[in-house]
Amino acid sequence: MLYLVGTPIGNLSDMSPRAIEVLSEADVIACEDTRVTGILLKEKGIEAKKLFCYQEHNKAAKGPVLIDMMKQGMTVAQVSDAGMPAISDPGEDLVRLAVEAGIEVSVIPGPVAAVSALAISGLSTRYYHFEGFLPQENKKRRDRLEALKGYDETIVLYEAPHRIQKLTEELEEAGFGDRKASFCRELTKKYEEVIRLTVSEAKKYFEENAPRGEFVVCLEPLGSAGTKTEPGAACDADTLIKLLLEKGMPTKDIAQVVSKATGLGKKEMYARTLELS
Ligand code: SAM
């Protein structure tokens, strides 16, 4: 049996009683860093039967070892350094291997930085896109930002503290300057803070106030009020939608064409087409 166990993203009081129970009873606790997990276990009074290092760099070799243990009837609980395993952290591959081997997989949910940030971002939570970390390599990063520019969902990014300043520059360069952004910092910790500015304002802000601690960045979706909606654009969109409806174009195609032509969100245009049809 494999348990994916969520652990706190800063505030140790966020550890669930069920997480404590499962970690106390597991035959093996697979963790990224035995020192980091050791601190959590000690704090919670958990005596691990066995700690096993399972991390990004050894997962290809160590995954099958854990699978063998589970095949022999052992219970493995996997944790990451913080938050939910498998979310921008090791776990995805182990779950896949377990599923392939017919091993039962269960989750003990805990805090996720992305969802916690989104919830208090003040931006739309109806539709969102979880990007996690952008690629490290410059060209791939630029390409990814170019693609993200067209998304009409709130975008949720992870970034290392020392790269937040650079990220605001890259976002501005990629054309996100006017978008509202929520920089959610040190969630659940003493200095928790949400900095709500446009991307360009944030760039200036971080030039004067060096970013400290861990951040999740949430970006306003394309087509949100006050950003990409040019004066008259909604009216033009309506005219275009009506014209294409008259031509008998399918709703989905209309939404795509009008979204491209006006820069307004595809989902928004889809809903508007339904309203007008
Ligand atoms: N698995 C984790 C989760 O469930 O959220 C994410 C791990 S990922 C390696 C680490 C990134 O998550 C950080 O670089 C930061 O972007 C974000 N993060 C983690 N803890 C955070 C916190 N307390 N406040 C803000 N961001 C946090």
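Relevant structure appears above.
Report follows, based on the coordinates.

Cut-offs applied
Residues numbered from 1 in each chain as written. Predicted model: local features only at pLDDT ≥ 70, side-chain atom pairs only at ≥ 80, totals over all residues. Heavy atoms only, no water. Helix = DSSP H or I, 4+ residues; strand = E, 2+ residues; numbered from the N terminus. Contact = heavy atoms within 4.5 Å. Areas by Shrake-Rupley, 256 points an atom, 1.4 Å probe, with all protein chains shown as cover. Lys, Arg positive; Asp, Glu negative; His and termini not counted. Charge placed at Lys NZ, Arg CZ, Asp CG, Glu CD. Axes fitted to C-alpha atoms, helices over the stretch in contact; angles between N-to-C directions. Parallel < 35°, antiparallel > 145°, perpendicular 65-115°, else oblique. Left-handed = near helix turned anticlockwise from the far one by under 90°. Nonpolar A, V, L, I, M, F, W, Y, C, P; charged D, E, K, R; others polar. Near = heavy atom within 4 Å. Polar contact = N/O pair within 3.5 Å; in protein donor to acceptor, adjacent residues only side chain to side chain.

Broken down by element type, the protein chain carries 11 helices and 10 strands. Put simply, of all contacts in the protein chain between residues at least 6 apart along the chain, 68% involve residues at least 24 apart. With the model as given, the accessible surface of the protein chain reaches about 14500 Å², and the carbon-plus-sulfur share is 51%. Of the side chains in the protein chain, 36 bear a positive and 43 a negative charge, and the two mean positions are spaced by 2 Å.

Moving on, we come to the packing of helix α3 (residues 59–71) against helix α4 (residues 92–100). Helix-helix packing is characterised by the crossing angle of the two axes and by the distance between the axes. Running from N to C, α3 and α4 cross one another at 40 degrees; their axes reach a closest spacing of 10 Å. When the axis of α3 is compared with that of α4, the two are oblique. Here α3 and α4 pass one another in a crossing that is right-handed. Of the residues in α4, those touching α3 at Lys59, Gly63, Pro64, Leu66, Ile67 and Met70 are Asp93, Leu94, Leu97 and Ala98. Tallied by class, residues from the contact of α3 with α4 come to 7 nonpolar, 1 polar and 2 charged.

The subject of this paragraph is the site of the ligand. Near the ligand, the surroundings consist of 20 residues, among which Met84, Ile87, Ala113, Tyr158 and Phe215 are the closest. In this structure, isoleucine 9 approaches the ligand through a main-chain N or O atom, which is 2.9 Å from a nitrogen atom. Within the side chain of glutamate 214, an N or O atom sits 3.4 Å from a nitrogen atom of the ligand. For the ligand, the accessible surface in isolation is 570 Å², of which the surrounding protein chains cover 91%. Elements with a minimum of two residues in the shell around the ligand: β7 (154–159) and β10 (215–219). Of the residues in the shell around the ligand, the class split is 13 nonpolar, 2 polar and 5 charged.

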